[in-house]
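Results of the structural survey
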Amino acid sequence: MSITQTREIAAAAKLEQVRYAIRDLACFADEVTRQGHKILPLNIGDPNVFDFETPRHMIEAVYKAMRENKNGYAPSSGIKEALDAIRGEAARKGITTVRDVFVTTGVSETVDLCLTALLNPGEDLLTPSPDYPLYSAVLAKLGVPLNTYDLNEEDGWQPDLADIKRKITPRTRGIVLINPNNPTGAVCSRAMLEAIAELAREHNLVIFADEIYDKLILDDDRCIAMAAVAPDVPVVTFGGLSKNYLAPGWRIGWGIVSGDAAAVKPYDEGIQKLLRARLCANHPEQYAIKAALEGPQDHLPVVCQKLRSRRDLTVKWANSTPRVSCVPPRGAFYAYPRIDIPEGDDVFVRELILQKHVMVVHGSGFGQKPGTKHFRIVFLPDEKTLEKAYASIAALLRERYQ
Ligand code: PLP
């Protein structure tokens, strides 16, 4: 037998652009863990890692479905009782022009599928900066260049309307709005939603309204659904069980297509085609959707109360620590403090893992205005754990930059 030289199998060139800082960083942290250190993960928005549990009645619903052998494939759009429950939820959100609903393997799959069904090479999609990196990863996979609009830190991280207007080109097909926002925790005002809807009308854009955190509101306001404000505009609203219902591992998300019926029809047929091509979403877990949306909601005030207290602690710490400042988050469970340091935020974050065994994500992993530096904190852990983490971050800032 002749010995042949190893020839590497190259990954597709377009993957060069695929980054997912939140999990990419975990590979680095794994090395530190192997050296025997315990890392505090403030990088991934997984409530079940901390003191949050999936509501019992949802677990029972899935268990019952499994015992009844609902373990085969489901219809491609999702099981009927889940679709009915999602339509009910759309009505409660004030969405009156629902044209279609479908269930996916997490909102991650909704995003992948809805962007794939819309975009041709040479076209683009407006995404926020800072961004939840799933969007840029999917666009890279599709070979679609990034066209980002700024979120304005000076304006409580609201979308910068003037920047959106500047960035719309004849090739722009849609705009992504994450509300409540990851990574900033900002919640959009009705006036802002109306202004974005008006731009979408004018330029024939599809709005992707990522409202996966819509029940995790920490102040007196509420999350207004984009599709309720803009019933005539093509909107796909994203929701799921991962955050509001504390079951990210079940991988259940959904999309609600709304807007003028004739306008959205061909696009929705494209979505349906892709839904069929991938068979179906997880089947037994779909039985938790009706249980979640129509069953007891009493976990929500408890979750929001914990998050409020942890948010307050985070903001108080950030705004009393030299070199750190933070716009108070009003929804979800992320804070995006600014840091004033002479080196890159990626360098700081790596040192934080190495020296203090605390993992946050560097702002450059989400995008930020040139010259500014940030990091994203997940404030899901209890107060004692957070206090310890914040003391470590403050200590590293002192040790490194004083
Ligand atoms: N959209 C946003 C804004 C998110 O923060 C996340 C997860 O963190 C997702 C979508 C993906 O959610 P899922 O677990 O449903 O795939």
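Structural data are supplied above this passage.
Residues numbered from 1 in each chain as written. Predicted model: local features only at pLDDT ≥ 70, side-chain atom pairs only at ≥ 80, totals over all residues. Heavy atoms only, no water.

A few points about empty space enclosed by the protein
Counting across every chain of the model gives two cavities of 30 Å³ or more. Roughly 90 Å³ of internal volume is contained in the largest cavity. Glu89, Lys93, Asp214, Gly239 and Trp254 are the residues nearest the centre of the largest cavity, which is lined by 14 residues in total. Counting only elements with at least two residues in the lining of the largest cavity, the list comes to β8 (235-240) and β9 (252-258). Here the lining of the largest cavity gets four residues from one element, more than from any other, and that element is β8. The class makeup of the residues in the lining of the largest cavity is five nonpolar, four polar and five charged. (1 Å grid on protein atoms, 1.4 Å probe; cavity = no way out; pocket = protein on both sides within 12 Å on 5 of 7 lines; lining within 4 Å. Points joined across faces, edges and corners; volume = space filled by probe spheres on them. Helix = DSSP H or I, 4+ residues; strand = E, 2+ residues; numbered from the N terminus. Nonpolar A, V, L, I, M, F, W, Y, C, P; charged D, E, K, R; others polar.)

Thoughts on the sheet that holds strand β3 (residues 124-129)
Pairing within the open sheet is mixed, and its eight strands lie in the order β2-β9-β8-β7-β6-β3-β4-β5. Lying at the two open borders of the sheet, with one neighbouring strand each, are β2 (98-105) and β5 (158-159). Relative to strand β4 (residues 146-152), β3 is paired through five bridges, and the arrangement is parallel. Within β4, the residue paired with Thr127 across the bridge is Thr148. Contacts from helix α4 (residues 106-118) reach β2, β3, β6 (172-178), β7 (206-210), β8 and β9 within the one sheet, and its direction differs from that of β2 by about 125 degrees. Relative to β3, helix α5 (residues 134-142) is tilted by about 155 degrees, and along the sheet it contacts β3, β4, β6, β7 and β8. (Pairing = 2+ DSSP bridges. Contact = heavy atoms within 4.5 Å. Axes fitted to C-alpha atoms, helices over the stretch in contact; angles between N-to-C directions.)

Things to note about the site of the ligand
Taken together, 13 residues form the shell around the ligand, and within it Val107, Ser108, Asp210, Tyr213 and Arg251 come nearest. Between an oxygen atom of the ligand and a side-chain N or O atom of Tyr132, the distance comes to 3.5 Å. Between an oxygen atom of the ligand and a side-chain N or O atom of Lys243, the distance comes to 2.8 Å. Contact with the protein chains covers 94% of the free accessible surface of the ligand, which is 400 Å². By residue number, the principal contributor to the shell around the ligand is α4, which donates three residues. Across the shell around the ligand, the residue classes break down as six nonpolar, four polar and three charged. (Near = heavy atom within 4 Å. Polar contact = N/O pair within 3.5 Å; in protein donor to acceptor, adjacent residues only side chain to side chain. Areas by Shrake-Rupley, 256 points an atom, 1.4 Å probe, with all protein chains shown as cover.)

Considerations on the packing of α4 against α5
Look at α4 against α5: their axes get within 10 Å of each other, and the N-to-C directions meet at 40 degrees. Judged by the angle between their axes, α4 and α5 are oblique. The way α4 lies across α5 gives a crossing that is right-handed. In contact with Ser108, Val111, Asp112, Leu115 and Thr116 of α4, α5 contributes Leu134, Tyr135, Val138, Leu139, Lys141 and Leu142. For the contact of α4 with α5, the per-class residue count stands at seven nonpolar, two polar and two charged. (Parallel < 35°, antiparallel > 145°, perpendicular 65-115°, else oblique. Left-handed = near helix turned anticlockwise from the far one by under 90°.)

A closer look at the packing of aromatic side chains
According to the stated counting rule, one finds nine aromatic pairs in the structure shown. Considering the side-chain rings of Phe333 and Tyr334, the 5.0 Å spacing of their centres and the 55 degrees angle between planes classify their relative orientation as tilted. Since its relative accessible area comes to 1%, Phe333 is described here as buried. Aromatic side chains Tyr336 and Phe366 sit 5.8 Å apart centroid to centroid with 85 degrees between the ring planes, which places their arrangement in the edge-to-face category. With a gap of 30 residues between them, Tyr336 in the loop between β11 (334-335) and β12 (338-339) and Phe366 in the loop between β14 (361-362) and β15 (375-378) connect regions that are remote in the sequence. Of the two residues, Tyr336 and Phe366, both sit in the buried class. Taken together, the ring pairs connect Trp157, Tyr336 and Phe366 into an aromatic cluster. The positively charged end of Arg350 is found above the aromatic ring belonging to Phe28, 4.2 Å away from the centroid. (Phe/Tyr/Trp six-rings, centres within 6.5 Å; stacked < 30°, edge-to-face > 60°. Buried < 20%, exposed > 50% of the residue type's maximum accessible area, 1.4 Å probe, protein only. Lys NZ or Arg CZ within 6 Å of the ring centre and 35° of its normal.)

Observations regarding unusual backbone geometry
For the peptide bond that leads from Asn179 to Pro180, omega is -5 degrees, which places it in the cis range. As for its position among the elements, Pro180 is in the loop between β6 and α7 (190-203). Here the amide bond leading from Asn182 into Pro183 is cis, since omega sits at 20 degrees, within 30 degrees of zero. Within the fold, Pro183 resides in the loop between β6 and α7. One non-glycine residue, Asn69, lies in the positive phi region at around 65 degrees. Secondary-structure assignment places Asn69 in the loop between α2 (56-67) and α3 (80-92). Judged by its relative accessible area of 59%, Asn69 falls in the exposed class. Non-glycine residue Trp157 carries a positive phi angle of around 65 degrees.

Some thoughts on helix α12 (residues 345-356)
With twelve residues, α12 should reach 16 Å at 1.5 Å per residue; the first-to-last C-alpha distance of 15 Å fits that figure. Within the span of α12, buried status applies to Asp345, Phe348, Val349, Glu351, Leu352 and Ile353. Positive backbone phi, approximately 60 degrees, marks His357, located one or two places after α12. (Expected span 1.5 Å × (residues − 1).)

Observations regarding α5
Residue pairs three or four apart in sequence face the same way in an α-helix, which turns once every 3.6 residues. For α5, the buried fraction is high: seven of the nine residues fall into the buried class. By the burial criterion, the buried members of α5 are Leu134, Tyr135, Ser136, Ala137, Val138, Leu139 and Ala140. Buried-residue contacts for α5 involve α4, β3, β4, β6, β7 and β8.

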